[in-house]
Each structure stands twice: as structure tokens, then as C-alpha cells.
Amino acid sequence: MLNAAEIKKVLEERTQRQRGTGKKVTDVREEMLRLEEKGELLIHRIRPENRPVQMQTLFGWNKKIPTDRLWHHKSCGQCGNIPGYPSSLLWVMNQTGRRYLNEPHQTSCTAWNYHGTATSNPVALAAVAARNFHRAYETDHFPLVHCGTSFGDYKEMRKLLVENAEVRHKVREVLRGMGRDLVLPEEIVHYSEWVQAMAPEIVARRRFDVSAVVATVHEPCHYYKMVPEDAVYDEAVYGGQRPAVPTGILLSLGARVADYSTWYDCCGFGFRHILSEREFSRSFANLRKIRPMVEEAHADVAITSDTGCVTTLDKSQWIGKAHGQSYLLPVLADVQFAALAMGAHPYKIAQVHWHASPVDHLLEKMGIDWRSAKNEFMEYLKALKNGTAPELLHAPRAEIEQYFAINKGQVLPVEEPSVASASVSPGNGRVSS
Amino acid sequence: MSVVAHLPHRSLSLTEEEAAQPPSMELTGRRRMSPADRGLSQTLYEEFHQDPRYHEYVLGCLNCGECTTGCPAARFYDFSPREMLQIAATGDATTLWDALQEKIWSCCQCYTCNMRCRFGNDIAGIISVMRELSVRHGLEATRKTLAPFGRSLTLLMTVGTQVSADMIQPDFFRDWGPFATGSDQVWGVSPEVMRKAIPLDVLQTTRSSWEVSVQTSLELFRIYEETGVLDMLRGLDPDLTEMLVDIIEERREEFREAREKYRDELITMKGPVASFEG
Ligand code: SF4
Ligand code: SF4
């Protein structure tokens, strides 16, 4: 680690907008404003009703993190195989009284596929991003991106749409063909930034003491290695030398965060590899990440904040037994850990049963009675099997939404919030207007 | 007596016909290329250098190897980002052709190299440009590499999510162990019931990551049609592409029927829902 004076110098240099390369980095948000003035695009602004919290990025620029009226940009990998990730996030929103929309009118960013098979191109990726941005805009809810890769991709696509007039015009034409327009969000916001912004409210609701827990953090590559100037840093977290999320929430909750030598390595997901060359993903995850976390840091849990990272680090471990590596280190998303500390049901909400490495020991260390929770969950499964209606975190979608991305009362384009759109009231699962 | 005299002697025993063939590997380690491949490699080389991203991504190289030091793929494969950047910057048509056969697919797209490169090269990006090229031209090696992706491509193109719960089958993901796949052997209920136990209604499906509305999937497909993705896929797998077109045609029909059914509700609505015709 650098000493305090060296850290200060690095931070000063950063405010001059320079990366190690010495190249000036321009703030894409300033150019967005100019393009909006010229009528080339619209900006989806963060407004007071989004209850923003101010944070700082790599160069010390301000970044507004909206904490209310959010449009969930779900992650296909999370929803597909680690569903406790989104359900924990929505549960924390209910607990803290935040409004949101969780709709079927969203596609993934499609960047997993692009990074895995290259069967797409930047214009298509930009159009997919812009279609989702426009949908969020027309519902008057600010997009909150669940996945690290979607976050990285959307940062790249926003930059591309601002800097490349040809791509911008093409995408606008495609969008207009479907009655949409080019709207770029004022900030691209990753859910872990929301978790960090909500730290005071989360800590105020903490029900379990996590001070005995040693956590190691895996920083998702696409959070900070793609368009690095958009990632959030804080001098109080690693002296501002590594991103502030997801470590910040662990420190706020009182967990012990331990360092390990390979923190900078990727997880081994590889996009293509996790599906068709898992021997690589497994070897990399076990040898380069899990082993140092266990042997160097004596971790009780690995915490990360991206779909691919949770999947790879968690699911690659079980087979390690074949090589005498029975680490079985639990791997959770920051928001699952926060939800558990706040008293979320480990199975019904945190959905820990989809994880390959058992979390029982960790739950015990947190003081959570997982045995009764598990029995309760088994009973719940039986009831579901017999036709009982499932418990939901918010009101289910209307039947018409199976087909149409319906207008929910919003006026386009949204200038001022003269008409409130339908939102989910936290806790009671009813739709309010 | 010299040492050389003791070395085993191997006589040349090729038939005349065999001897007339060029060696299978040239001394540079390059593959033997047919005249057709040689022609194609030249086309690929030209297209690669004409890509507008080329000059943005390839800025210069010190050969310092900083990129390779942090590269996960370099630890396990005969691959290095330094070499890829060198091929992009100074390679000829044959070196590019060689890289397109296999090496480009080793990269994890983690962007570690980009972050470390003092030149500011976009190495992960230039590898993607190479991959796109190999997909567009349907190279045989690329078809083989991407053969296992038919199912996820179908999902991606028709509903825009990459995985579904029913793809995570215990027999295919055996290495993930018994817990990660929602297998009924562990919990005693079907995967459908396991998905019902997720408290988010749009996730209670096994066929996609979440339920995607018909309008959304049609809008997505229109993007693919209008931005050349569908044509690109045709070059790689024409049968799969035709199947996708059929699936979408069915969804369009479903959309038209729904427009009739919900006509009264839709009349009052503004925005894309009112204007989008499928
Ligand atoms: S993006 Fe590819 S080449 Fe670059 S470090 Fe990651 S795996 Fe290596
Ligand atoms: S880090 Fe950059 S300059 Fe150094 S070898 Fe890699 S590409 Fe070349």
C-alpha cells in the first residue's frame, strides 16, 4: 500500500483527469449536455424524488446515486441461476421504503453473449442499451443495473453513443422505428453503489452481529476495468486505491475485511468458458482466487457484486474435492450478505440453496438459526407443490403485460413529475399511484 | 569417431506422391493453407484493418508484457494479449488467420490488459473485433468453437436473456454439485416449484431468466434485423437463423392477436405501446 502522502498525490493527479497513460479523459456527461442542447438526445435526469446521494468516482468527480423510484435492470445470469441476488435487493428496498419497478419489459444487455461469442456488434449493443434506457425513462423510474457486465457495457455504450455520431444516428433511427427515442441516463448506476448509498439505513436495521465474520472481496472486473472513470472510490476504503464497493457496506456492517494477494485477478468466468470450457473457469477460480482467500486470509465468506463472479467463484468449488481441494468457501453478493444481516429469510429471500458452497457455517457465525429456517422452507415448498400461491415481494404484473410494455400513466417526454406513475409500495405488495 | 555418427539415422521413406505435397506445418509453425483459405485470409486482413475501431484500439506497443502479466487466460493457454496486440499491429494476413483459428477464443474479456497497458490499447476490444470477423465469415474453427451455444443463442435472440433455469441441468452441470441446479433429488420438488419459491413473479419460469413481454422480444429482434446481427448469424449457422425467424414469426402472430384482444385498453395508451406494430 502507498503511504498517506503518496495517496494524496495520486488523488490530486486523478482530479486532473489523468489515468496512468497521461491521456486526458473527458467527462462524457458534459458532452451529453451539449448534445441534448442540440436536440440529438434526451437525458434521463436524477431528480429530487430519486433521493440521490453524492459519491465520488476515480478522478474525484461527483456521481449522483439515486436511491428511490428505480427501474430494476435485472441480470440474466443472476435471475437464471442465483435468484437470491435480485430477491435480496428488492427485499432490502421494501425494508427501507424505496419504490421501484420490476418489469417483464426489459432485455438483458446481451453483453454476456457478445463477450462470449461475438455474435453481435457495437451498434446492436448500443441499440439494446438504448431500448432499455428508454423504457426506464418512459416509466419515470431511474435504471439501476444489477450486473457488473451490464454496468460495464452500458458505460461503454453511453460513451459510444455520445462520441460517435454515426452510431448515434443509426441507433436513433432504429429506436424511432419502434416509437422510442434516444435517452441516456445522467449516471449509469450499479446496484452495489445503491447498497453503499443506503449503508446508514441498512446498518440501522442490522439484526445480527457480523463482527466475527472475516470477508474477502472479489472486485468484479467489469465494474472498474471498463470505463474506469465511472467507478466509485472513497478515501476511507483502501485509501481510495480500490473501488469503494462492495467493500464499503461490509465495513459499515462491522465485518472484518481481509486482503489477499490475488485481489486484482478476474474470477475466471470468461463468458464463453463458464459454459463450454469450465475446466479453465474451475481451475482459475480455485487456484487463483479461492485458495488465497482461504489460505492467506482465512476467510469465512467471499463477497462480490456481479453475476459471473458469484457464479464462478461459488459453483467451481464443489468439484475441487476431486483434487483434494475442499475449500467450500461460501460466496455471496454484498446485498445477500446485507439482507441476511438485516434478518432476511436465508432461503425464502436470500435463496442460499442455489449456491454450491454451503453457507450453514457462515450463518451460524452470524447467529442465524438456519435449521429452523430450512425446515420452514421445506414446508413452504410442500405447500407450493400442493398449489398454495407463492409469497411475493411486490404486486404481480397485470395480464396485459405479458404482451405489451404498457404505459403506466406517465407523460412523454418527462419534463417535470406532473403525473405520478404506478409504483410498488414497499412491504405490502400493492400498487399505488 | 564423431558424436554425430552415433545418432540414430532416419532415412527418407516418403512415396513420390507424399514427397510432392508441401509439409503439413511450415517452419514458422503456420498451418498449411488451401488457395481458398489464402484468399479468404487476405480478405479478412483487409476488413480487419478497415474496421473503424482498429485505429482507435491499436495505439502502439512497447512489448513490455504488462498486459500479459495480469492476464488470466495466459496462465492456462498458449495465449498472450501482448502477442494479440502485436499481431493486430504488425502481423500479416497469415498470422492474423492463425490467431483467428483458436487463440482469439482463449480471452476471458476481463479487461485487465486494458487497465494495465500504458499505451492505452484496447486489447480486449481488438480481440472482439477479430472474433466478430471470424463469426461474420463463418470460419470452420469458429463454428466448432461456438457449436455448444445454440441453446443460449436461441434464448438470447428470441427473448434477450442468456440463460434459463432449465439449461442448468444436473447432468450437464455435474461439476457444480447437487445444490446449484435446483435438482428435485435434493429438495423433493420439481424445478418449476423451486422457481415458484422465488418471491419475484417475473422470475417464476424455468424457460428464461425472467418472463419477457412479447413486445419487448419483438423490439429486440427488430434491433437484430436492422443492425446486421441476423445476417452475421446467418453466416455462422443458417439453420439456426431460419429457426429463429420462425419463432419470431409466431410471436408476431401472437402479438397481433393480443392487439385485437386488448384493443380497448390500448386505445387510451400513449408511447411505443400505441405505435409499435410488431
Ligand atoms: S481481456 Fe483477455 S487478453 Fe485481456 S487480460 Fe483479460 S483474458 Fe487476457
Ligand atoms: S501492455 Fe500495452 S504496450 Fe505493453 S505489451 Fe501489452 S499491449 Fe504492448
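Parameters at a glance
- Residues numbered from 1 in each chain as written.
- Chains lettered and ligands numbered in written order.
- Predicted model: local features only at pLDDT ≥ 70, side-chain atom pairs only at ≥ 80, totals over all residues.
- Heavy atoms only, no water.
- Axes fitted to C-alpha atoms, helices over the stretch in contact; angles between N-to-C directions.
- Helix = DSSP H or I, 4+ residues; strand = E, 2+ residues; numbered from the N terminus.
- Parallel < 35°, antiparallel > 145°, perpendicular 65-115°, else oblique.
- Left-handed = near helix turned anticlockwise from the far one by under 90°.
- Contact = heavy atoms within 4.5 Å.
- Nonpolar A, V, L, I, M, F, W, Y, C, P; charged D, E, K, R; others polar.
- Near = heavy atom within 4 Å.
- Disulfide = S-S within 2.5 Å.
- Buried < 20%, exposed > 50% of the residue type's maximum accessible area, 1.4 Å probe, protein only.
- pLDDT = per-residue confidence, 0-100.
- Pairing = 2+ DSSP bridges.
- Patch = residues over 30% accessible without salt bridge, like charges linked within 9 Å, V, L, I, M, F, W, Y side chains within 5 Å.
- Areas by Shrake-Rupley, 256 points an atom, 1.4 Å probe, with all protein chains shown as cover.
- Salt bridge = Lys/Arg side-chain N within 4 Å of Asp/Glu carboxyl O.
- Lys, Arg positive; Asp, Glu negative; His and termini not counted.
- Charge placed at Lys NZ, Arg CZ, Asp CG, Glu CD.
- Domains from an automatic or database assignment.
- Buried area = accessible area lost by both parts, 1.4 Å probe.
- Polar contact = N/O pair within 3.5 Å; in protein donor to acceptor, adjacent residues only side chain to side chain.

*Asks:* Can you tell me about the packing of helix H2 (residues 28-37) of chain A against helix H7 (residues 148-163) of chain A, naming the residues and giving the values?
*Replies:* All names here are of chain A. For the pair H2 and H7, the least separation of the axes is 10 Å and the interaxial angle reads 45°. Relative to H7, the element H2 lies oblique. For the crossing formed where H2 meets H7, the hand is left-handed. Contact residues: Val-28, Arg-29, Glu-31, Met-32 and Leu-35 in H2; Arg-158, Lys-159 and Val-162 in H7. Across the contact of H2 with H7, the residue classes tally to four nonpolar, no polar and four charged.

*Asks:* Describe the site of ligand 2, naming the residues involved and giving the relevant values.
*Replies:* All names here are of chain B. Lining the immediate surroundings of ligand 2 are 13 residues, of which Cys-61, Cys-64, Gly-65, Cys-67 and Cys-117 lie closest. The set of elements that each furnish at least two residues to the shell around ligand 2 consists of helix H4 (66-69) and helix H6 (81-90). Residue composition of the shell around ligand 2, by class: eight nonpolar, three polar and two charged.

*Asks:* Tell me about the site of ligand 1, and name the residues and values.
*Replies:* What surrounds ligand 1 is a group of 13 residues, the closest being B:Cys71, B:Cys107, B:Cys108, B:Cys110 and B:Cys113. Tallied by class, residues from the shell around ligand 1 come to 11 nonpolar, two polar and no charged.

*Asks:* Pulling in residues and values, what's your account of the state of the cysteines?
*Replies:* Disulfides are covalent bonds that link the sulfur atoms of two cysteine residues. Residues and elements named next belong to chain A. Counted under the stated rule, the structure contains zero disulfides over all chains. Lacking any disulfide linkage, Cys-79 is separated from the closest cysteine sulfur, that of Cys-76, by 8.1 Å. Take Cys-309: it sits in no disulfide, and the sulfur closest to it among the cysteines is that of Cys-267, at 4.1 Å. On the basis of relative accessibility, which here comes to 4%, the residue Cys-309 falls in the buried class.

*Asks:* Can you explain the confidence of the model for chain A? Please cite residues and give values.
*Replies:* Mean pLDDT over chain A stands at 90; residues scoring 70 or higher make up 89%. This stretch, residues 411-433 of chain A, has a pLDDT under 50; its non-local contacts, to residues over four places away or in other chains, come to 49 contacts.

*Asks:* How would you explain the sheet that holds strand S2 (residues 53-57) of chain A if you had to name every residue and give the values?
*Replies:* Residue and element names in this part refer to chain A. One open sheet accounts for three strands, arranged S3-S2-S9; its pairing is antiparallel. At either end of the open sheet lies a strand with only one pairing partner, and these are strand S3 (62-65) and strand S9 (232-233). Summarising the sheet, S2 and S9 pair through two bridges and their orientation is antiparallel. Paired with Thr-57 across the bridge in S9 is Val-232.

*Asks:* Residues and numbers for a negative patch on the surface, please.
*Replies:* Residues B:Asp246, B:Glu250, B:Glu254 and B:Glu257 make up a contiguous surface patch of negative charge. Structurally, B:Asp246 is set in helix H16 (residues 238-261).

*Asks:* Tell me about the sheet that holds strand S8 (residues 214-217) of chain A, and name the residues and values.
*Replies:* Residue and element names in this part refer to chain A. The sheet built from four strands is open, its strands ordered S10-S8-S11-S12 with parallel pairing. In this open sheet, the two edge strands, each paired with only one partner strand, are strand S10 (256-257) and strand S12 (331-333). In the sheet, S8 pairs with strand S11 (residues 301-304) via three bridges, with the strands oriented parallel. By the bridge assignment for S11, Ala-215 is matched with Val-301. The sheet strands contacting helix H15 (residues 307-315) are S11 and S12, and the helix crosses S12 at an angle near 165°.

*Asks:* Give me the lowdown on the domain arrangement of chain A, citing residues and values where you can.
*Replies:* All names here are of chain A. Looking at the assigned domains, one finds that chain A contains domain 1 (30-192) and domain 2 (207-375). Put simply, the middle of domain 1 and the middle of domain 2, counted by C-alpha atoms, are 25 Å apart. Contact residues are listed per partner, giving 37 residues for domain 1 and 36 residues for domain 2. The contact between domain 1 and domain 2 buries some 3,300 Å² in all, and 67% of this surface belongs to carbon and sulfur atoms. In this assembly, domain 1 and domain 2 are joined by two salt bridges. Among the salt bridges present, the one from Arg-158 reaches Asp-230, with a minimum N-O distance of 3.2 Å. One can count 20 residue pairs in polar contact (both at pLDDT 80 or more) joining domain 1 with domain 2. A per-element tally of the side of domain 1 that touches domain 2 places H7 first, with nine residues. Of the residues in the side of domain 1 that touches domain 2, the class split is 14 nonpolar, 17 polar and six charged.

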